[in-house]
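These are the residues of each chain, in order.
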Amino acid sequence: GSLVLGGIGGEFKNGNYKLVVEIIIIEVDIMSLAGILKSGQLLIFDRDQVPKPYSFLILEKLESTPDLNSKAAYRAILSNEYWRLISDSLSISTGLTYHFIDTNQVLINNNRIYNGIVDNWNLSVNPGKYRLETYQNQVFLYVIDEIRLEQYFYSVKRKIDGAYLVDSFEQGWYREPPTKHRVLLKKEVLPSKRDIKKLEKSLLGKWHSIGTAFPFYPELSGYDSIHSEYLTLDFSKSTFLIEYGANLIGKDTSLYKVNRLNGEWELGRTGKYVFLETDEGYHRYMTIKNVTDSSAIVSVSLWAIDEVFIEWQRSIELIKN
């Protein structure tokens, strides 16, 4: 039989397939692959390296997406808006929200769920890219987290009360098979300008951490222990200073180490992150879990204090001085 093979952002190519007992032979251009269909998944093999699979595909019958079936129509809906994935399953996707910045940039707010429990201490906002594709009136959304190197693929099914029912296909950093979940992609209401101003005002001032614990690996750092860790954040009207330090104690030596990060800051439109532009010319995002006039929980990526690892990211509980 004939087939069409295509990927997000790539061209569609015509090819052929045939069944040999339980093996599907796929030939497209000079590429020749073998596949085994098992429980709705197509395990793809290089024909010279059977039986070790190097790709896992989930087969799903295409359905025409009603109302909107063009990339331009969906891009107009997504761009500059804030969307949340909602699911009753234990999928890791249920901790994801997307702030689509423009035609291909997205900020991914990751508050993951493991075994049904929200992991408040591993929050992150990561930059990413997204693409929209259509094929035979079916719309697909592809998102890649450029920090975690994780990929998310969504097949849009239909519109339900302002939300979109989608099939979610998750592919982690490692080469495990993708998992499929049916979820809702629902638009979140962005905070008003008044609420953003109020949150900005709450962030102003000097904060210090409660029970700061830096990652520390004595077998790698050359020191035996770490003591007196501290971290402070100081937000003025447009600038910030993050200072953190600790005593590193070794057998024959000790070091009092202090790191500083400073520059300009801007609260994100969703109210869930702060954009930090450092004086060194690079940027990062600070995730906001919650904030009041006197306390906050945030997460930010910082250089390791013992310089064993380049950066570490951990949620930090803060109180205002």
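Structural notes, computed from the coordinates.

Procedures and definitions
- Residues numbered from 1 in each chain as written.
- Predicted model: local features only at pLDDT ≥ 70, side-chain atom pairs only at ≥ 80, totals over all residues.
- Heavy atoms only, no water.
- Helix = DSSP H or I, 4+ residues; strand = E, 2+ residues; numbered from the N terminus.
- Buried < 20%, exposed > 50% of the residue type's maximum accessible area, 1.4 Å probe, protein only.
- Contact = heavy atoms within 4.5 Å.
- Areas by Shrake-Rupley, 256 points an atom, 1.4 Å probe, with all protein chains shown as cover.
- Phe/Tyr/Trp six-rings, centres within 6.5 Å; stacked < 30°, edge-to-face > 60°.
- Core = buried A, V, L, I, M, F, W, Y, C linked by side-chain atoms within 4.5 Å.
- Arc of directions from axis to C-beta.
- Salt bridge = Lys/Arg side-chain N within 4 Å of Asp/Glu carboxyl O.
- Polar contact = N/O pair within 3.5 Å; in protein donor to acceptor, adjacent residues only side chain to side chain.
- Pairing = 2+ DSSP bridges.

### Some points on the overall build of the protein
Now for step 1: Along the backbone of the protein there are three helices and 24 strands.
Now for step 2: In the protein, which comprises 321 residues, the proportion classed as buried is 41%.
Now for step 3: Within the protein, residue pairs in contact and separated by at least 24 positions form 42% of the contacts whose partners lie at least 6 positions apart.
Now for step 4: By element, 52% of the accessible surface of the protein is carried by carbon and sulfur atoms, the whole surface being about 17800 Å².

### Re the packing of aromatic side chains
Now for step 1: Enumeration over the complete set of coordinates arrives at eight aromatic pairs.
Now for step 2: Where Tyr-98 meets Phe-100, the ring centres are 5.7 Å apart and the plane angle is 50°; that geometry is what we call tilted.
Now for step 3: Classification of Phe-100 by relative accessible area gives buried; the value is 0%.
Now for step 4: Note on Phe-140 and Phe-153: the rings are 5.6 Å apart at their centroids and 15° apart in plane angle, and the pair reads as stacked. Here Phe-140, found in strand β13 (residues 138–145), pairs with Phe-153, found in strand β14 (residues 150–160); they are 13 residues apart in sequence, far enough to count as distant.
Now for step 5: Owing to a relative accessible area of 24%, Phe-153 belongs among the partly exposed residues under this scheme.
Now for step 6: Taken together, the aromatic side chains of Tyr-98, Phe-100, Tyr-130 and Tyr-154 make up a single cluster linked through ring pairs.

### A word on the environment of Ser-228
Now for step 1: As for its placement among the helices and strands, Ser-228 is situated in strand β18 (residues 225–235).
Now for step 2: Considered as a pair, Ser-228 and Asn-247 are 19 residues apart in the sequence and their alpha carbons are 6.0 Å apart.
Now for step 3: Among all residues touching Ser-228, those that are not within four sequence positions of it are Gly-245, Ala-246 and Asn-247.

### Digging into the nonpolar core
Now for step 1: Judged by nonpolar contacts, the single largest core of 31 residues is most densely connected at Phe-235, Val-274 and Leu-276.
Now for step 2: Of all elements in the fold, only α2 (193–203), β18, β19 (239–249), β20 (254–267), β21 (273–278), β22 (283–291), β23 (295–303) and β24 (311–320) reach the threshold of two or more residues within this core.

### Observations concerning α2
Now for step 1: Considered for burial, the residues of α2 that qualify are Ile-196, Leu-199, Ser-202 and Leu-203. Angularly, the buried residues of α2 cover 120° about the axis, an arc narrow enough to put them on a single face. Turned more than 90 degrees away from the buried face of α2, the exposed residues are Lys-193, Arg-194, Lys-197, Lys-198 and Lys-201.
Now for step 2: Within two residues after α2, Gly-205 carries a phi angle of roughly 120°, on the positive side.

### With respect to the pattern of salt bridges
Now for step 1: This structure, assessed with the given rule, holds six salt bridges.
Now for step 2: Across the pair Lys-197 and Glu-200 runs a salt bridge whose closest N-O atoms are separated by 4.0 Å. In this pair, Lys-197 and Glu-200 are both assigned in helix α2, three residues apart and thus about one turn of the helix distant.
Now for step 3: Here Glu-200 falls in the partly exposed class, since its relative accessible area comes to 23%.

### Looking at the side chain of Thr-270
Now for step 1: Inspection of the secondary structure puts Thr-270 in the loop between β20 and β21.
Now for step 2: A polar contact is formed between the side chain of Thr-270 and the backbone nitrogen of Lys-272, at a distance of 3.2 Å.
Now for step 3: Excluding anything up to four places from it in sequence, Thr-270 contacts Tyr-82, His-99, Leu-190 and Pro-191.

### Details of the environment of Ser-295
Now for step 1: Note that Ser-295 resides in strand β23.
Now for step 2: It is 9.7 Å that separates the C-alpha atoms of Ser-295 and Ser-209, two residues lying 86 residues apart in sequence.
Now for step 3: When near neighbours in sequence (up to four residues on either side) are disregarded, Ser-295 contacts Trp-207, Asn-290, Leu-318 and Ile-319.

### A closer look at the pairing of β14
Now for step 1: Where β13 and β14 come together, six bridges link them in antiparallel fashion. By the bridge assignment for β14, Ile-144 is matched with Gln-151.
Now for step 2: The antiparallel pairing of β13 with β14 creates a hairpin that spans four residues between the two strands, and Leu-149 there sits at a positive phi of about 60°.

### Comments concerning the environment of Gly-15
Now for step 1: Along the chain, the position of Gly-15 falls in strand β2 (residues 13–20).
Now for step 2: Judged by relative accessible area, which is 7%, Gly-15 ranks as buried.
Now for step 3: Separated by 13 residues in sequence, Gly-15 and Val-28 place their C-alpha atoms 4.4 Å apart.
Now for step 4: The contact partners of Gly-15, leaving out residues within four places of it in the chain, are Gly-1, Ser-2, Leu-3, Glu-27 and Val-28.

### A few points about the side chain of Thr-278
Now for step 1: Position of Thr-278 relative to the elements: it lies in strand β21.
Now for step 2: Ignoring anything within four residues of it in the chain, the contact list for Thr-278 reads Phe-240, Leu-261, Asn-262 and Gly-263.

Everything listed is a geometric property; what it means functionally is a separate question.
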